[in-house]
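# Secondary and tertiary structure notes
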Amino acid sequence: MLPIQFFGQNIHFAISLFAALVFFAVFWLHFDAWTAKKQLREAVNWLGFLLLALSFVVSATIIEQSVLGNSIFGDASENIALVLRILGYIAVIVGQLIDPLQLKPKLAGLDESEYTKGVASTEPPDQVDNPTTKAPAVVGFSGVSGLLHILPPLGALTIAGLYWRRATTGLERHLRPVAVSFLLLFAFELTSLRQLWEASSNPLIARFVAPFASVWIIEHILLLLAVIVLGRWVWRYLTRRFISQLFMIFTSLTLAIFLLTTASFTYLLTNNVQKASLDNLSTAASVLGYAIDGKKAETLANSESVASNPDIAAAIVAKDHDRLVNTTTSFLHDKKQSSLVITTNAGQVLLRAEDPDRWGDSLSSDTLIRRALTGQSGSTVSSKAGVLAPLVYIKSATPIRDSGGNIVGAAVVGLVADNAFVDGIKKSTGLDSSIYSGNVRSATTFIAPDGTSRWVGVKETSPSVNKTVLHDSKAYKGTLGILNRQFLAVYVPLKDLDQSVVGMLFVGQPQVSILQAAGRSVQLTFIVTAVLLMVSILPAYLIARYLAKQLD
C-alpha cells in the first residue's frame, strides 16, 4: 500500500489545476468582454484573473519538501506563486474600484420587489452587451514565510466585500455567488498560513499543521468548495456563446486527460520504487542473517581454540576450577566475547569466565552441550532473561579431548547480539534493524527520545508478522506501523540448532522515504504536465473557433 502522502500530493496537484482552470474561465469571460469594447476596467480584471490562474498552475507543481525531499527549484516556485497571487488580487481589486457601482434607483410609490424582479434578475446577463458583468477571483497557495503571507487573505476578503457590495447595494445580484466564493477563498488563505507554524516547538501544533494533516485537509476542502462555487457561476456565462463552450470543453477534457495520465504515471513510479525498496530490504535482511552466521563462525573458532588448549583439558580432568580461571583470565577481553563456559563430560559447569564464582551446576539438558559431549561441534541462537529485555546469544560449543582423544568436557563460547551489532548493520546499509527474542525486541537501532536509550523490550503485536514469521517460519514483507510511523518492513525468522524459530530479524525504512526517492521525478512530472496544459490552450482555442465557424 502506497503512503497516504502520495495520494495527498496528487490531490493537491489536481485541485490546484482545477482552480487554475476555473480562474482561466473567468479570465476568458472578461477578456471576451474586453475585446468588444476595450474598456480599462475589463482589461484590469482579465489581467488579475489571468495572474491568479498562473498562480495556481505554479502552485500545482509545488511539492511538500518535508515529505518528497528538496524541490527542483528550491523555494522559487512558492515565491513565484505567492507574488502572482498577490498581483492578481491587487489587479482584481483595482478593477472593482474603477468600475462604478450601479445603485438601485429610488422608487416612490412603486413596489420595489416587483421592480427588481425584472431589473435585477439572478440570471446572468450577456457578457458583451452588459459590460458591468463581473467575475470572481480565487485564492492561491501558501508560499514563503514572512509578512507577504498576510496579503492574500486580506486580498480575498477585500474582493469578497466588493462583490458583496455590488450584489446587495447595487443592482448586480447575480454576483452573490462570487462573493461567497471569495469568502471561502479567504478561509482557504487563512488555513494556508499553517506553514508558518510547521516548525513550532510544540509537538501538538506541529502535528496538527503538518503536511497532509488536519489543517492541510481543511485547506484543500475550502479551496475545492470555493472553485466549485466560482465554476458554476462562470459556466452560466460561458454557455451563452458556442465558441466559448467548445473552448472550455476542450480545455477541460485536456485537463482531465493530463490529470489521469499524471496520477497513473506517478502511481506506477512510486509503486515500483516501493517494490524495489522491499527487495532491497529483503537483501538487507539476508545481510543481517549472514552477519549472524558470521558471528556463529567466530564463536565456533573461539570455542575450538579453547578446546585445543591441553592445559584446559588437564584442568578439567583434575576438576581444578582455579587453574581454569587462571588459564582463561584474558580470554573474553582478547576475543571480545560475552561468555565462556567449560563443562565436564557429564555437563557439570567447571567455569563461567564472565562470573567465575558461579560454577558447579549442571547444563546436561542443553542441546548444544549434549551434542558437543557426543563429539559434534555446533552453533546456535538462544536467549535468556535480561534487565530491560531478553538477550539473544550466538553460541558455539566444541568437545574438549584429552591426549588420548577421549572427550572430557565441552567449551561453549557465547556472544550477545546487542545494539552495537545492529548499529554495524545500519552503518553498512543505512537501514534500521532489530533482533527479537520471540516477539520481544532485544536489540535495535531505534533510539528513544532521550537520545541514548533504545526501544528494547517492546513486543511486536502485529498478528500478520507473528503468524507469518514465528508460527509459519516464513519471511514477512509489507508496511507496518512502528513507533507511530509507517515503515516498509521485512521480518525473517531466527532459528536455533534444531531449526525451531526462537526469534526474528527485522530490517526496515520509513515508508515516506520512497516518496523522497521518487520526489524529483514526481515533481518533474507535475511541471511537464503544467507546461503541456498551458501549451495546449492555443490549439484548443483554434479547434473550437474552427468548429464554431463550420457550424455557423
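None of these values were measured; they are calculated from a predicted model. (Residues numbered from 1 in each chain as written. Predicted model: local features only at pLDDT ≥ 70, side-chain atom pairs only at ≥ 80, totals over all residues. Heavy atoms only, no water.)

## Quick word on the packing of helix α4 (residues 76–98) against helix α6 (residues 151–168)
For the record, the criterion: Angles run from 0 to 180 degrees between N-to-C directions of axes, and those axes are lines fitted to C-alpha atoms, restricted for helices to the stretch in contact. Note on conventions: DSSP H or I runs of at least 4 residues are helices, E runs of at least 2 residues are strands, and numbering of each starts at the N terminus. Working rule for angles: under 35 degrees goes down as roughly parallel, over 145 as roughly antiparallel, 65 to 115 as roughly perpendicular, anything else as oblique. Left-handed is the label given to a crossing in which the near helix is rotated counterclockwise from the far helix by less than a right angle, and right-handed is the label when the rotation is clockwise. Residues are treated as being in contact if the distance between any of their heavy atoms lies within 4.5 Å. Gly falls in the polar group here, along with every residue not listed as nonpolar (Ala, Val, Leu, Ile, Met, Phe, Trp, Tyr, Cys, Pro) or charged (Asp, Glu, Lys, Arg).
Two elements in contact, α4 and α6, have axes separated by 9 Å at closest approach and are oriented at 25 degrees. The orientation of α4 with respect to α6, classified from their angle, is roughly parallel. Here α4 runs over α6; the crossing is left-handed. Contacts between α4 and α6 involve L82, R85, I86, Y89, V92, I93, Q96 and L97 from the first element and L151, P152, G155, A156, T158, I159, L162, Y163 and R166 from the second. Residues of the contact of α4 with α6, tallied by class, amount to twelve nonpolar, three polar and two charged.

## Observations concerning the sheet that holds strand β7 (residues 440–444)
To keep things clear, this is the line we draw: Note: two strands are recorded as paired if DSSP finds a minimum of 2 bridges between them.
One open sheet holds the five strands; their spatial order is β7-β6-β10-β9-β8, and the pairing between them is antiparallel. Every interior strand has two partners, whereas the edge strands, β7 and β8 (476–482), have only one. Taking the axes of each pair of neighbouring strands and ignoring which way they run, one obtains an average angle of 35 degrees across the sheet. Of the pairings in the sheet, the one linking β8 to strand β9 (residues 485–495) comprises seven bridges and is antiparallel in character. Looking at β9, one finds that I482 is bridged to R485. Across the sheet, helix α10 (residues 242–307) lies against β6 (432–437), β8, β9 and β10 (501–510), angled at about 35 degrees from β9, the strand it touches most.

## Thoughts on the sheet that holds strand β1 (residues 339–344)
Backbone hydrogen bonds hold the strands of a sheet together, and the pairing may be parallel or antiparallel. The strand order across the open sheet built from five strands is β2-β1-β5-β4-β3, with neighbouring strands paired in antiparallel fashion. Two strands in the sheet have a free side with no partner beyond their single neighbour: β2 (349–352) and β3 (378–384). Put simply, the sheet's adjacent strands are angled 25 degrees from each other on average, direction ignored. Where strand β4 (residues 391–401) lies against strand β5 (residues 407–416), nine bridges are found, and the strand directions are antiparallel. Each bridged residue has a counterpart across the sheet, and for I400 the counterpart in β5 is G409.

## Examining the pattern of salt bridges
Heads up, the rule is: Only one rule defines a salt bridge in this text: a Lys or Arg side-chain nitrogen within 4 Å of an Asp or Glu carboxyl oxygen. When a residue's accessible area, from a 1.4 Å probe over protein chains only, is under 20% of the maximum for its type it is buried; when over 50% it is exposed; and in between it is partly exposed.
Counted according to the given criterion, the structure contains 15 salt bridges. A salt bridge links K477 to D279, with the nearest nitrogen and oxygen atoms 3.8 Å apart. Of the two residues, K477 is situated in strand β8 and D279 in helix α10; the sequence distance between them amounts to 198 residues. Given the relative accessible area of 43%, D279 is considered partly exposed.

## Comments concerning helix α16 (residues 463–471)
Let me state the cut-off plainly: Here, the arc refers to the directions that run from the helix axis to the C-beta atoms.
Residues V465, N466 and V469 constitute the buried set of α16. One face of α16 carries all of its buried residues, which in axial projection span an arc of 95 degrees. Opposite its buried face, α16 presents the exposed residues P463 and H471, each directed more than 90 degrees away. Packed against the buried residues of α16 are β8, β9 and β10. S473 lies just past α16 and shows a positive phi near 60 degrees.

## A word on the side chain of E189
Selection criterion: Definition of a polar contact: a pair of N or O atoms within 3.5 Å, with one able to donate and the other able to accept a hydrogen when the atoms are protein atoms, and with sequence-neighbouring residues admitted only if both atoms are side-chain atoms.
As for its placement among the helices and strands, E189 is situated in helix α7 (residues 176–192). Note on E189: relative accessible area 1%, which makes it buried. A distance of 2.8 Å separates a polar atom in the side chain of E189 from a polar atom in the side chain of R85.

## Structural notes on the confidence of the model for the protein chain
The following threshold applies: The predictor rates its confidence in each residue with pLDDT, a number between 0 and 100.
Chain-level pLDDT for the protein chain is 85 on average; 92% of the residues reach the 70-or-more range. When pLDDT is averaged over each helix and strand of the protein chain, the minimum, 44, is found for helix α5 (residues 112–119) and the maximum, 95, for β1. Below pLDDT 50 for its whole length, residues 112–145 participates in 128 contacts with residues either more than four positions away or in separate chains.

## Description of the nonpolar core
Put simply, the test is: The criterion is simple. A nonpolar core is a set of buried Ala, Val, Leu, Ile, Met, Phe, Trp, Tyr and Cys residues joined through side-chain atoms within 4.5 Å.
The biggest cluster of nonpolar side chains holds 92 residues, and the ones touching the most others in it are F49, Y163, F182, L223, W233, I292 and I435. Looking at this core element by element, the count peaks at 15 residues for helix α1 (residues 4–37). Counting 18 residues, the second-largest nonpolar core is a separate cluster that includes V306, A307, L350 and V408.

## So, unusual backbone geometry
Its identity is not glycine, yet F212 carries a phi of approximately 70 degrees, on the positive side. In this structure, F212 sits in the loop between α8 (203–208) and α9 (214–238). Of note, the phi angle at Q499 is positive, near 65 degrees, even though the residue is not glycine. Tracing the chain through its elements places Q499 in the loop between β9 and β10. Residue Q499 is classed as exposed on the basis of its relative accessible area, which comes to 54%.

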